[in-house]
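Spelled out, the chains give:
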Amino acid sequence: MNESSQPDSPAAAGAAPSVVVERAPGNKAAWRGSVPALLVALLALGVATWQWYDGRGEIGALRQELAMRLADTDTQSKENRIVAEQVREAVAEAQVKLGVLESRLAESQNQQIALEALYQELSRNRDEWAYAEIEQSLFIASQQLQLAGNVKGALIALQTADARLQRMDRPQLTALRKAINRDIERLKAAPHVDTVAISVRLDGVIMQVDRMPLAMETRPQQEQPAAAAKEGEGNLWTRFWRDTWAELKQLVRVQQMDRPEVPVLAPAQAYFLRENLKLRLIGARLALLARDSASYKADLKAARDWLNRYYDTGNNNVAHALAVLRGLHDAEVSIETPDISATLEASRGMRISRERGAR
């Protein structure tokens, strides 16, 4: 087997070089044709390598950016959790405050309802008080006219009631205001008696009663001694007889009286005379307040008569008192007072209608 194989090997060995030599031009051409492809491949490989390297750098940068963003996101997430926790706490606190506000609001609403009810009650009470004051003013006006005949006092009471009605300003009170205004005009047209001024003048006379002298207390003026009788004139006997004669003349006194009938009163009688005079003047003042003209004039006439009879009319105080009593006696104190029954009836009608409306 070895022998058979050996002759073949030289041929084969000789054939191989011949083949290589013969195919050398074709391989060179193939090599030449593959060089551009190889260059393109190498270029593609370089481009791919560059792209891979650039992509790797970009990936690294992206990774770094992503890591930074993840870190920022983690930080923001922590901050958001903290903020969310604070928000939850704030919401919880706000809910607590809201609950407190709701409770206070409910309490305030209840208080408002209670205040409205109280205001309505007070409004009703205020109206009742106003009506009661108006009726009281009208009642006072009626009393002033019927009991004392005081037109001025009744006029003031009616004007007060009208002013209160004007402040209330309600249509249902128009009829009452018309009646009050009619009575006000009638009272203004009525004659006026100044009872206060008359009472003051009577009080002045009463205060002067104790200081006015009685007629029996008047003393005549003593005669002045002669101008020739001077102290130290004449001798001792002359002065003695002159003084003795002066004393003897004092034992008997002759007096000329303008009113021979002047009564002589004991001290007790003089005291009761003054007190009775005061009572007469006080009675005249009471009759003035009661508008009793007959009693008023009778008391003043009696007081004037007593002054003329028992008192010294020459005294200035007595003369002034007589003049005052004369003027007061001539004054008319009894007048016909207007009737305000229409106003009272309107007031009663208003009260009845109000009570019916309340039911």
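Worth saying up front: this structure is predicted, and the values here are computed from it rather than measured.

In terms of regular secondary structure, the protein chain is built from nine helices and zero strands. Reading the protein chain from its N end, one meets helices and strands in the order α-α-α-α-α-α-α-α-α. Within the protein chain, the proportion of its 359 residues that are buried is 22%. Per element, the accessible surface of the protein chain, about 26,400 Å² overall, is 57% carbon and sulfur.

Another aspect to go through is a nonpolar patch on the surface. Taken together, the side chains of Val35, Leu38, Leu39, Leu42 and Leu45 make up a nonpolar region of the molecular surface, amounting to roughly 440 Å² of accessible area. For Leu45, a relative accessible area of 52% gives the class exposed.

Averaged over every residue, the pLDDT of the protein chain is 77; the share at 70 or more is 79%. Taken as a whole, residues 1-24 scores under 50 in pLDDT and shows zero contacts with residues more than four places along the chain or in a different chain. Note on residues 223-229: pLDDT is under 50 here. Beyond four places in sequence and across chains, it has two contacts.

Inspection of the entire model under this criterion finds twelve salt bridges. Linking Arg88 and Glu85 is a salt bridge whose minimum nitrogen-to-oxygen distance equals 2.2 Å. In this pair, Arg88 and Glu85 both sit in helix α1 (residues 2-148), three residues apart, roughly one turn of the helix. Between Arg164 and Glu133 there is a salt bridge, with its nearest N and O atoms 2.0 Å apart. Here the residue Arg164 occupies a position in helix α2 (residues 151-168), and Glu133 occupies one in helix α1, the gap between them amounting to 31 residues. You can call Glu133 partly exposed: its relative accessible area is 43%.

Two numbers describe how α2 lies on helix α3 (residues 174-189): the axes approach to 10 Å, and their chain directions differ by 155°. One finds that α2 runs roughly antiparallel with respect to α3. Helix-helix and strand crossings are classified by hand; for α2 and α3 the assignment is left-handed. For the pair α2 and α3, contact is made by Val151, Ala154, Leu155, Leu158, Gln159, Ala161, Asp162, Leu165 and Gln166 and by Leu176, Arg177, Ile180, Asn181, Asp183, Ile184, Leu187 and Lys188, respectively. Its residues placed into classes, the contact of α2 with α3 shows ten nonpolar, three polar and four charged.

Next up on the list: the packing of aromatic side chains. What describes a pair of aromatic rings is the distance from one ring centre to the other and the angle between the planes of the rings. With the rule as written, the count across this model stands at one aromatic pair. Centroid distance Tyr271 to Phe272: 5.4 Å. Interplanar angle 70°. Geometry classified as edge-to-face. Judged by its relative accessible area of 48%, Tyr271 falls in the partly exposed class.

Right, let's talk about helix α4 (residues 195-208) for a bit. In this model α4 runs 20 Å from its N-terminal to its C-terminal C-alpha over 14 residues, within 8% of the 20 Å that 1.5 Å per residue would give. Residues of α4 that are buried in the fold lie against α6 (267-289), α7 (293-310) and α8 (316-330).

In helix packing, the relevant descriptors are the interaxial angle and the interaxial distance, both defined with respect to the helix axes. Across the interface, α6 lies against α7 with an axial gap of 8 Å and an inter-helix angle of 155°. Regarding the angle of α6 to α7, the classification is roughly antiparallel. Classified by chirality, the crossing of α7 by α6 is left-handed. Each of Leu273, Asn276, Leu277, Arg280, Leu281, Gly283, Ala284, Ala287 and Leu288 in α6 lies in contact with α7, whose residues at this interface are Ser295, Tyr296, Ala298, Asp299, Leu300, Ala302, Ala303, Trp306, Leu307 and Tyr310. For the contact of α6 with α7, the per-class residue count stands at 14 nonpolar, three polar and two charged.

With that settled, the discussion passes to the side chain of Ser199. You can see Ser199 is positioned in helix α4. Excluding residues within four positions of it along the chain, Ser199 makes contact with Arg285, Leu288 and Leu289.

Moving on, we come to the side chain of Asp162. Take Asp162: it is sitting in helix α2. When sequence neighbours within four positions are dropped, the list of residues in contact with Asp162 reads Arg177, Ile180, Asn181 and Ile184.

Quick notes on the rules
- Residues numbered from 1 in each chain as written.
- Predicted model: local features only at pLDDT ≥ 70, side-chain atom pairs only at ≥ 80, totals over all residues.
- Heavy atoms only, no water.
- Helix = DSSP H or I, 4+ residues; strand = E, 2+ residues; numbered from the N terminus.
- Buried < 20%, exposed > 50% of the residue type's maximum accessible area, 1.4 Å probe, protein only.
- Areas by Shrake-Rupley, 256 points an atom, 1.4 Å probe, with all protein chains shown as cover.
- Patch = residues over 30% accessible without salt bridge, like charges linked within 9 Å, V, L, I, M, F, W, Y side chains within 5 Å.
- Salt bridge = Lys/Arg side-chain N within 4 Å of Asp/Glu carboxyl O.
- pLDDT = per-residue confidence, 0-100.
- Contact = heavy atoms within 4.5 Å.
- Axes fitted to C-alpha atoms, helices over the stretch in contact; angles between N-to-C directions.
- Parallel < 35°, antiparallel > 145°, perpendicular 65-115°, else oblique.
- Left-handed = near helix turned anticlockwise from the far one by under 90°.
- Nonpolar A, V, L, I, M, F, W, Y, C, P; charged D, E, K, R; others polar.
- Phe/Tyr/Trp six-rings, centres within 6.5 Å; stacked < 30°, edge-to-face > 60°.
- Expected span 1.5 Å × (residues − 1).

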